[in-house]
Amino acid sequence: MAYGLWRLLRPSQWIKNGFVLAPLLFTGLFDDPQAVFRAFFAMFLFCAASSTVYIVNDICDAEKDRLHPKKKLRPIACGTVRPGAALWLASFLVLVQAAGFFYLREVFWVIVAYVSLNVLYTVKLKTIPVVDIFVVATSFVLRVFAGGRALDVPVSAWMFVTTLSLALFLASIKRRQELSLMGSEGRTVLKNYSVDLVNRYAQISATGALVFYSLFVMSARPELVVTIPVVLFGIFRYWYIVDSLGRGESPTEAFLGDGQLLATVALWVLICGYLLVGTVR
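Some details on the side chain of Q97
Okay, step 1: As for its position among the elements, Q97 is in helix 5 (residues 83-103).
Okay, step 2: Within the structure, Q97 has its side chain in polar contact with the side chain of T52 (distance 2.8 Å).
Okay, step 3: Sequence-distant contacts of Q97, that is, excluding residues within four places in its chain, are made with L45, A48, A49, T52, F108, I111 and V115.

Shown next, in the form of C-alpha cells:
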C-alpha cells in the first residue's frame, strides 16, 4: 500500500520541476542562500502540485488505463491503491501547497493556475488536438514563471519563448512516439494526428528553441555563447534517442536513461553556473 502511494506520486516525473530553477541559474543568484532556499521551496511546491495532478488524472482515467499495455500497471488501475486513499493523499498535497501561500504568495497563485489548467486538461483539453500539446508546454512555462516569482525577478521574453518552444518540442515528440508505438489507441486525441504532422511540429519547435536561445544568449548573455553547441548537441542527441532507439514516449525516462544526455545537461548547467555566478546584484 505504502509503495503504491509512493508510485502514485510519480517521483521520477519531478525532474520536470527543475525548470523552476531556471531563473535562479540565469540571474546568477545561486550563491545567495536565501534565493536558493526560495527557489528550491518553489520547486518543492511544484512537486506537490504535479503529484496532485497525477493523482487526479489516475483517478479519472482508471478505467481507460486498465486497457492500456503500460498504464494498466498504475497503482489505481491495477488495484494496488483504492481511489479513496488516493483522494486522501491528494488532499494532503493540497494542504502542502496551501502552506506556500504564507511564504511564497506569488508562487502560490502560479501553482493554482498550474493545477487548474491541468485539471481542465484531464477533464477535457487533452481531447482537443493542438490545444493538448500547448497545454503541456504551458505547464513548463508556468514552472519557469514560478521560479521568477520566487526570486522576485521578471522572466524575460527570451526565456518565455525559449521555454515554450522547447516544451512544444518535447510534447510533440511524445505524441509522435505514442502514435508510432500505439497508433491511435493510446489516446483519443491521437486520432487527429499523423506521424508526419507531429514530426513537423517537433521540427518547428526544435528550430525555434535553438534560434530563440541563441538570440537570447547573444543579446543578453554573450558570455554564454559557448553553451550554444552544447544545446545543439542535446537536441541532436534527444532526437537520436527518439528516432534510432525508439524512446521519447516518456521524455523523463528518455532523459534519465541516457548517460550522454545527462552529461550534456550537467555540462550546460556547470558552464552557465560558472559564467553567471554573482552577475546580478
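Next comes the rest of the description.
Quick word on the nonpolar core
Among soluble globular proteins, nonpolar side chains are generally buried collectively.
Okay, step 1: Counting residues in hydrophobic clusters, the biggest one holds 24 residues, and the most contacted among them are F26, F169, I173, Y213, V217, L224 and Y238.
Okay, step 2: Top element by residues in this core is helix 10 (residues 228-245). It accounts for 6 residues.
Okay, step 3: Excluding anything up to four places from it in sequence, L224 contacts F26, V217, C272, L275 and L276.

Overview of helix 5
Okay, step 1: Over its 21 residues, helix 5 runs 31 Å from end to end, which matches the ideal 30 Å to within 8%, given 1.5 Å per residue.
Okay, step 2: For helix 5, the complete set of buried residues consists of A86, L89, A90, L93, V96, Q97 and G100. End-on view of helix 5: buried residues confined to an arc of 110°, all on one side of the axis. Exposed side chains of helix 5 directed beyond 90 degrees from the buried face belong to W88, L95 and F102.

Comments concerning a nonpolar patch on the surface
Okay, step 1: The grouping of W158, V211, L215, M218 and V225 at the surface amounts to a nonpolar patch, some 410 Å² of accessible area in total.
Okay, step 2: For the nonpolar patch, the element with the highest residue contribution is helix 9 (residues 195-220), accounting for 3 residues.
Okay, step 3: Checked against the element boundaries, W158 lands in helix 8 (residues 157-182).
Okay, step 4: Residue W158 is classed as partly exposed on the basis of its relative accessible area, which comes to 31%.

A few points about helix 12 (residues 259-276)
Okay, step 1: For helix 12, with 18 residues, the first-to-last C-alpha span of 26 Å sits near the 26 Å given by 1.5 Å per residue.
Okay, step 2: Considered for burial, the residues of helix 12 that qualify are L261, T264, C272, G273 and L276. One face of helix 12 carries all of its buried residues, which in axial projection span an arc of 160°. Facing away from the buried surface of helix 12 by more than 90 degrees, the exposed residues are G259, L270 and Y274.
Okay, step 3: Buried residues along helix 12 sit in contact with helix 2 (22-27), helix 9, helix 10 and helix 11 (251-256).

Calculation rules
Residues numbered from 1 in each chain as written. Predicted model: local features only at pLDDT ≥ 70, side-chain atom pairs only at ≥ 80, totals over all residues. Heavy atoms only, no water. Helix = DSSP H or I, 4+ residues; strand = E, 2+ residues; numbered from the N terminus. Polar contact = N/O pair within 3.5 Å; in protein donor to acceptor, adjacent residues only side chain to side chain. Contact = heavy atoms within 4.5 Å. Core = buried A, V, L, I, M, F, W, Y, C linked by side-chain atoms within 4.5 Å. Buried < 20%, exposed > 50% of the residue type's maximum accessible area, 1.4 Å probe, protein only. Expected span 1.5 Å × (residues − 1). Arc of directions from axis to C-beta. Patch = residues over 30% accessible without salt bridge, like charges linked within 9 Å, V, L, I, M, F, W, Y side chains within 5 Å. Areas by Shrake-Rupley, 256 points an atom, 1.4 Å probe, with all protein chains shown as cover. Salt bridge = Lys/Arg side-chain N within 4 Å of Asp/Glu carboxyl O.

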